[in-house]
Amino acid sequence: MHTFQAGRKPTGRPACPRCQRPLAHCLCRWIPALDSRTRVVVLQHPEEARHALNTARLAVLGLRNASLHVGRRFDAALWQVPGYESWLLFPGEGAEPLERAASPGLPRLLVVLDGTWRHARQVLAAHPALAALPRVSLDGGPGSRYRVRHAAHPQALATIEAVAAALDILEAPRSFVALLDPFEALVAGQIAAMGQARYERDHLRRAGSRARKEQGAGAQEADPHGTGLEEGKNGKAGKNGKAKAEKQTPGEP
């Protein structure tokens with residue numbers, strides 16, 4: 001069950017129609033086809049759909065029971081599905097850690113918002129029925145493997161990482177680590193394209209410097225639950241509503 005309503009702008013290079021990567025860097029060989037009792041519905045802002053590093057698309061391609069919908073307005077029928085208990089994966093006040101919320105019962109429908117914090121809040125403001133869904137968050141866990149982005153908080157996750165982590169909890173003891181295979185290949189390709197020296201200069205050293213600064217001054221309070229949304233400096237979206245982390249992402253190979 002895959003739904004794609006928009007894609008990236010043409011880059012001038014032949015691209016795979018499925019993963020939308022340049023043909024020379026197609027990720028389809030790593031994309032699994034995983035079954036899940038949980039239905040995943042990703043609501044994606046149009047700007048994210050055009051982004052070169054579109055991990056939400058990879059997540060949906062790797063799951064048989066998932067769909068991706070691109071836009072600013074959405075039909076409530078997407079998350080009001082008979083036979084499912086719908087939850088919104090979104091951190092903040094009123095969100096219950098997913099580990100505590102998970103329990104036997106109806107299959108879950110998990111709504112995931114893909115965009116900047118500003119975009120996500122706009123979607124919630126425009127859809128009261130969506131905002132009223134029970135909210136769950138990812139409590140702790142390992143940090144992101146997104147080594148070519150500088151997130152505002154070390155626990156911020158890429159959308160595909162958040163989806164895999166949520167399914168690991170909801171459908172334990174099953175593991176959805178295979179969902180991350182194309183993501184790992186994507187990150188490795190980015191590092192190879194920029195070269196090890198540039199990667200160490202622009203990413204590893206900067207990450208180490210930030211960690212030392214936080215240890216010395218005390219880490220600034222931030223929401224610990226990653227959902228695929230990344231904020232700019234001081235918890236606000238960067239210029240034009242895009243996270244500063246995205247602006248520092250190198251060009252695709």
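A quick note: this is a predicted structure, and the numbers were derived from the prediction, not measured.

Right, let's talk about the pairing of strand E5 (residues 108–114) for a bit. Counted residue by residue, E5 has 7 buried out of 7 residues, so it is predominantly covered. Every second residue of E5 is oriented toward a common face, with Arg108, Leu110, Val112 and Asp114 on one face and Leu109, Val111 and Leu113 on the other, all of them buried. Relative to E5, strand E3 (residues 85–89) runs parallel, the two being bridged by 5 bridges. Note that in E5 the partner of Trp87 across the bridge is Leu110.

Position of Asp75 relative to the elements: it lies in the loop between strand E2 (66–70) and E3. A relative accessible area of 52% means that Asp75 is categorised as exposed. Of the polar contacts made by the side chain of Asp75, one reaches the backbone nitrogen of Ala77; its length is 2.9 Å.

So, on to the sheet that holds E5. Backbone-to-backbone hydrogen bonds join strands into a sheet, with any given pair of strands oriented parallel or antiparallel. Reading across the sheet, the 6 strands line up as E2-E1-E5-E3-E6-E4 and stay open at both edges, with parallel pairing between neighbours. In this open sheet, the two edge strands, each paired with only one partner strand, are E2 and strand E4 (96–97). Examined bridge by bridge, strand E1 (residues 39–44) and E2 share 5 bridges and lie parallel to one another. Note that in E2 the partner of Val42 across the bridge is Leu68. In the packing of helix H6 (residues 159–170) onto the sheet, contacts are made with E1, E3 and E5, and the angle to E5 comes to roughly 160°.

What counts, and where the lines are drawn
- Residues numbered from 1 in each chain as written.
- Predicted model: local features only at pLDDT ≥ 70, side-chain atom pairs only at ≥ 80, totals over all residues.
- Heavy atoms only, no water.
- Buried < 20%, exposed > 50% of the residue type's maximum accessible area, 1.4 Å probe, protein only.
- Helix = DSSP H or I, 4+ residues; strand = E, 2+ residues; numbered from the N terminus.
- Pairing = 2+ DSSP bridges.
- Polar contact = N/O pair within 3.5 Å; in protein donor to acceptor, adjacent residues only side chain to side chain.
- Contact = heavy atoms within 4.5 Å.
- Axes fitted to C-alpha atoms, helices over the stretch in contact; angles between N-to-C directions.

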